[in-house]
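Report on the structure
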Amino acid sequence: LDRWEAYRAAHEIQLSPGLVAVEQWLRQEIPPDDGTPCLLHGDIGFHNLLFDGTRIAALLDWEMAYLGSPAKDLSQVHAMVTATLPWESFMAWYTDAGGRDVPLRHIQYFTVLSGYNYLLVCEMARQVMLARPEANVSYVDLAYPVRAHFYAELHRAMTEFVSPGAPMNSSR
């Protein structure tokens, strides 16, 4: 979060009240660090999988790899996995293959953080475009339809992970 705050300050991004509330929730809900980082891909998804028939043959594009909580990469595959099978089944396979058990709440946190990150980039594009629209027509898609998509995704995640009507720091 500190890195994104510095990014925001450097680009003079003004946050909407909704993003301010999400940032406050993120700061209050940071999962505890268990002290055991693992190698993360950083951009895991179907777009970086190479298949040989029905078998995954390789995970491509490791330029965003770093050490951190496995909840981060798991948050990136959560929606993709749960669209086709129960999360518990996937996690059983994951732990049987050597991955450690990760609380769903930690995965949910990183889902919200990811949405927040995407929206910061979209906000920057929108604010640059509004400041100088004649020179920044290329930002239109990022500034409006993509931004609307990420707001909807973030709203869905916050609705799913935070009890309706409860303070932002209350979890189900």
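Since we're looking at a predicted model, the values are computed, not measured. (Residues numbered from 1 in each chain as written. Predicted model: local features only at pLDDT ≥ 70, side-chain atom pairs only at ≥ 80, totals over all residues. Heavy atoms only, no water.)

Turning next to the overall build of the protein chain. Scanning the protein chain for helices and strands turns up seven helices and four strands. Along the protein chain, helices and strands appear, N-terminal first, in the series α-α-β-β-β-β-α-α-α-α-α. Counting the 172 residues in the protein chain, one finds 37% classified as buried. Here the contacts in the protein chain between residues at least 6 apart in sequence split such that 63% fall between residues at least 24 apart. In the structure as shown, the protein chain presents an accessible area of about 10200 Å², 60% of it carried by carbon and sulfur atoms. (Helix = DSSP H or I, 4+ residues; strand = E, 2+ residues; numbered from the N terminus. Buried < 20%, exposed > 50% of the residue type's maximum accessible area, 1.4 Å probe, protein only. Contact = heavy atoms within 4.5 Å. Areas by Shrake-Rupley, 256 points an atom, 1.4 Å probe, with all protein chains shown as cover.)

The next thing to look at is the environment of Ser75. Inspection of the secondary structure puts Ser75 in helix α3 (residues 70–82). You can call Ser75 buried: its relative accessible area is 8%. Excluding its chain neighbours within four sequence positions, the residues that come into contact with Ser75 are Ile107, Phe110 and Thr111.

What follows concerns the confidence of the model for the protein chain. For the protein chain, mean pLDDT is 83; residues scoring 70 or higher make up 87% of the total. Taken element by element, the predicted model of the protein chain shows its lowest mean pLDDT in helix α6 (residues 140–143) (65) and its highest in helix α4 (residues 87–96) (96). (pLDDT = per-residue confidence, 0-100.)

Moving on: the nonpolar core. One finds Leu26, Trp87, Val112 and Tyr116 to be the most contacted residues of the largest nonpolar core, which totals 31 residues. Secondary-structure elements contributing two or more residues to this core are α2 (17–28), α3, α4, α5 (104–131) and α7 (145–161). It is α5 that provides the largest number of residues to this core, a total of 10 residues. Every residue in contact with Trp87, bar those within four places of it in the chain, is listed here: Leu74, Val77, His78, Val81, Thr82, Leu104 and Ile107. (Core = buried A, V, L, I, M, F, W, Y, C linked by side-chain atoms within 4.5 Å.)

As a further point, take the pattern of salt bridges. Counted by the stated rule, this structure contains five salt bridges. In this structure, the salt-bridge partner of Glu5 is Arg27, at a minimum N-O distance of 2.6 Å. Of this pair, Glu5 sits in helix α1 (residues 2–11) while Arg27 sits in helix α2, and the two are 22 residues apart along the sequence. According to the relative accessible area criterion, Glu5 is partly exposed, its value standing at 35%. Notably, a salt bridge pairs Glu29 with Arg105, separated by 3.4 Å at the nearest N-O pair. Pair noted here: Glu29 is in the loop between α2 and β1 (38–40) and Arg105 is in helix α5, with a separation of 76 residues, a long-range link. (Salt bridge = Lys/Arg side-chain N within 4 Å of Asp/Glu carboxyl O.)

The pairing of strand β2 (residues 49–52) with strand β3 (residues 55–59) spans four bridges and is classified as antiparallel. Each residue of the ladder has a partner; that of Leu49, found in β3, is Leu59. As consecutive antiparallel partners, β2 and β3 are separated by two residues, and within that stretch Gly53 has a phi angle of approximately 70°, a positive value. (Pairing = 2+ DSSP bridges.)

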